[in-house]
Every structure is written in C-alpha cells, then in structure tokens.
Amino acid sequence: MLGVIADDFTGASDIASFLVENGLRTVQMNGVPNGVLEEEVDAIVISLKSRSNPVKEAIQQSLAALHWLQKNGATQFYFKYCSTFDSTAEGNIGPVTDALLDELKEDFTIITPALPVNGRTIFNGYLFVGQVLLNESGMQNHPITPMTDANLLRLMDRQAKGKTGLVPYAEVIKGAENVKRCFAQLKQQGYRYAVVDAVDNSQLDVLAQAVDDMKLVTGGSGLAAYMAQHQVQGKQHQAFVPAKGKTVILSGSCSVMTNKQVADYQQKAATKWLDVSQCLSQDNYVEELFSWVVAHLNDQYAPLVYATVPPEQLKQIQQQFGADTASKAIEETFAQLAARLRDYGVTNFITAGGETSSIVVQQLGFKGFRIGKQIAPGVPWLAALDAPIYLALKSGNFGKEGFFSQAQEMMQ
Ligand SMILES: Nc1ncnc2c1ncn2[C@@H]1O[C@H](COP(=O)(O)OP(=O)(O)O)[C@@H](O)[C@H]1O
Ligand SMILES: O=C(O)[C@@H](O)C(=O)COP(=O)(O)O
C-alpha cells in the first residue's frame, strides 16, 4: 500500500485525485488520524500544513504521519511537495526528506516535481513552468516561498544534508533498467538524491517503473499517477460530483493564475476584497464578511471573498504590515469565516491557495475525504467523510481562468 505525506492540503487533493483517476482506492486524511483506518484502500494520503512551518515542526509532523502510515499497512512512501518546489534555503523539502530517509533507514531517493499536464517539466535539472524557468514564472514573487532559482540540484543542496545528482533526459529515455543503473552509480558516488529529468509523461512512466522498489519517493503528483498505473491495470472508479448547495469561494492565493481567475470571476459574480488592515484592526471584521457572504448566497454564482493581489500590491502590503503578520492575519480571517459559514449552513467550499485551503480545512475539522471528479488536472471535488460537505481545494497556479464558475457548473 502507498502512503503519501503531503505538505499541504491542495497538494494532498492533487495527488489523491491522480491516484484515484489511475485506479487506486484512495482516502485523504485531515492531518495524522488518531485511530486506525477501517476502510480497505490501496493508498492513504495524509494532508499536513507543513510547507512553511519551522523546520522542526515540519519534521515532527511528517514523522508522525510516516509512523501512522506504517501502522496502517503502508509499505512504500511518497513525500508530496509542490510542483513548483515551494521551499526556502531552510527547507522544508530537504530536511523532511532527510528525516524520512533516516527514519526508514534508507540512503537514497529521487526529487521529481514534474507535472507535465500542468506545464511543470524538468530538463538538465532545471524546473520549467510552461515555457519559462521557475524563477521567471511569477513564483519569484510568492508571498511565503519566493522561488528565485530554477536549478533543482542547487535548491536541494542548499537545504538538505546530502549531495544531489542528476539523471539527465538522455539516460531516462533509455528505459527503467538504465535509470536504476544510474541510481546505483549516483549512490556509489556518494549522492543521496537524484533529480530526474522529465519533459513529458513518457519519462514519468519510465521513472515509475524504476522506483518500484524504492522505499521513499519524493515529488509532485505527476509521478504518482504513473506509479498507480503500474500497480493497477484498468480498474475504474466512479468519481462523484457535488450536490447543489450553498456555496462560497475563499481565495488567499496571490499566484499568477489565481489573479486571472479572480479577475474572470469578477465579471460574473459578487466579489469582496479582504483587507489586511481590517483583519488586524477591526474586531467584528469576520462578522462583516459573513453578512456580506450571506447576502449573496442565493445569487446565480457563489460569492467570492479574496485577498488575492498582484505582486506590486503584495509587496506594498508586506512592507506595511510585515509578510508574516499579513499572511497569518489573512489565513486566520479565512479560517474563522469558513467556520461561521459552515455553522450557518454553507455546504460547498471552494478555496484557492495551499496555505489558505490547509488552514480552512483544519478549522472545519473533518476526519478525511473521498475523492471526486476533477474540475481541472490536480483539483478534484472532495466529500468530507463525516459531514455532508463538499470542498474544492485549488492550488495557486492550477486550473484555467474560468475555474471558479466551472467548479460550480459541475454541481448537480
Ligand atoms: N493581500 C495579501 N497580502 C499579504 N499576504 C497575502 C495576501 N493575500 C494572500 N496572502 C498570503 O499569501 C499566502 C498565499 O499562500 P497560499 O494560500 O499557499 O497560495 P498559493 O497556493 O498561491 O501558494 C497566504 O499565507 C496568504 O495569507
Ligand atoms: O504540486 C502542486 O503544484 C500542487 O499540488 C501544490 O502543492 C500547490 O501548492 P499551492 O500552489 O500552494 O496551492
């Protein structure tokens, strides 16, 4: 059984949706569960909010997830991080990978954020988003993990304890046995991690076969789809769509695509900007936002509350309030608003942004989720296991411009 440790909630639903689509019976858990899993499944995805936590905390949470997965029958482990390798020189991808390797008594793994279906490809160890390098893609302006280098070997070397090598494209296309030989060579030369080139899905297909006996695999969701394909041949699972119900959209992502999606949605529905200064100074701000949302719940399209701003405005806000203070205040406001709306009877939540989605779902506090139909690659509808609630957790840069209305048009 495959045990996945995802460093945020959008990332968790991203990988879970690809596993389900490729035939694995998969359940997504909200944090590390207390009890034992009763259901019979092929894969368990644990959603953490560990991407931007202090390193020590991220390691602690990830090890707790690993231990729970081991107890619940997982035999191979996947550390899922962002396809844009969201991290800083401190971590958390390197230190968490090291801690998981040590705990599993392993000394080698791969680094594969590639997700070609969403334009994330790797060539000569450089990560591309669409046709540009990661550090030119808009990710250099990310509010929490600005990515200013696209070289995965350098990024990993800065934050991990071992050395990072490369399995280049020319070697990958020679097939899985050759990739395994490359791993063995790198290991012998003292490397602890291998970045593996993948410019399209065929390299991920090869790589999935080359890691069949690797205890710990790390990467985005692209490789996981092929690992699932090689485990189950042709099994199909019926994915659900959500029932129509009171719906709200909460967007705390400043990613390039979310900015476009918010702009698109402003033409169609009621939208309200969430003002950081009011989050910090006005005691009844959540109540004010709540009343505004309630007033628009019967509109044709659901109301959207957004903190989303373009890079120049983000910079100004961060200079004025401090990046950490601003992002925490926004996250907390979204979390409280979501809880208030759930208590009022909102059943369908669409959230944009990894950190934002993670805090909202943690606040709502469901045990876990069943995985439904994808709205866009990597963004499925989810159904809470223990409440009649549907959620769509949209990664910052996923989906097309019309995502928010498209998601609602799937409701039946
Ligand atoms: N207007 C804003 N000013 C300052 N920080 C913001 C603003 N809007 C969003 N943020 C913060 O930026 C972070 C965005 O991260 P996240 O939700 O993971 O989005 P993404 O998926 O695009 O990375 C959150 O911590 C959020 O609170
Ligand atoms: O791999 C990905 O790109 C996503 O699954 C993911 O982790 C996105 O994170 P956010 O952009 O922070 O939502």
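For the structure given in this document, a descriptive report is provided here. (Residues numbered from 1 in each chain as written. Chains lettered and ligands numbered in written order. Predicted model: local features only at pLDDT ≥ 70, side-chain atom pairs only at ≥ 80, totals over all residues. Heavy atoms only, no water.)

Attention now goes to the site of ligand 2. Around ligand 2, the surrounding shell holds 14 residues, and the nearest of these are T10, D14, R51, K80 and S83. Here G354 contributes a backbone N or O atom positioned 3.0 Å from an oxygen atom of ligand 2. For ligand 2, whose unbound accessible area comes to 350 Å², protein coverage reaches 94%. At three residues, helix α1 (residues 9–21) tops the list of elements feeding residues into the shell around ligand 2. Taken together, the residues of the shell around ligand 2 break down into three nonpolar, seven polar and four charged. Counting residues domain by domain, the shell around ligand 2 receives three or more from each of domain 1 (2–232) and domain 2 (247–410). (Near = heavy atom within 4 Å. Polar contact = N/O pair within 3.5 Å; in protein donor to acceptor, adjacent residues only side chain to side chain. Areas by Shrake-Rupley, 256 points an atom, 1.4 Å probe, with all protein chains shown as cover. Helix = DSSP H or I, 4+ residues; strand = E, 2+ residues; numbered from the N terminus. Nonpolar A, V, L, I, M, F, W, Y, C, P; charged D, E, K, R; others polar. Domains from an automatic or database assignment.)

The next subject is the pattern of salt bridges. Under the criterion given, the structure shown has 21 salt bridges. Between R51 and D8 there is a salt bridge, with the nearest N and O atoms lying 3.2 Å from each other. Placement of the pair is R51 in the loop between β3 (43–47) and α2 (55–71) and D8 in the loop between β1 (2–6) and α1, with a sequence separation of 43 residues. For R25, the salt bridge is made with E40, and the minimal N-O distance between the two is 3.8 Å. Taken together, the residues R25 in the loop between α1 and β2 (26–30) and E40 in the loop between β2 and β3 connect sequence positions 15 residues apart. (Salt bridge = Lys/Arg side-chain N within 4 Å of Asp/Glu carboxyl O.)

Okay, the site of ligand 1 next. Around ligand 1 sit 20 residues, and of these H142, S253, S255, E331 and T356 come closest. The side chain of H142 places a nitrogen or oxygen atom 2.5 Å from an oxygen atom of ligand 1. In the environment of ligand 1, a nitrogen atom lies 2.9 Å from a nitrogen or oxygen atom belonging to the backbone of A307. A total of 570 Å² of accessible area belongs to ligand 1 in isolation, and the protein chains cover 97% of it. Among the elements that take part in the shell around ligand 1, helix α13 (residues 323–344) stands out by supplying four residues, more than any other. In terms of residue class, the shell around ligand 1 is built from nine nonpolar, nine polar and two charged. Domain assignment of the residues forming the shell around ligand 1 places at least three in each of domain 1 (2–232) and domain 2 (247–410).

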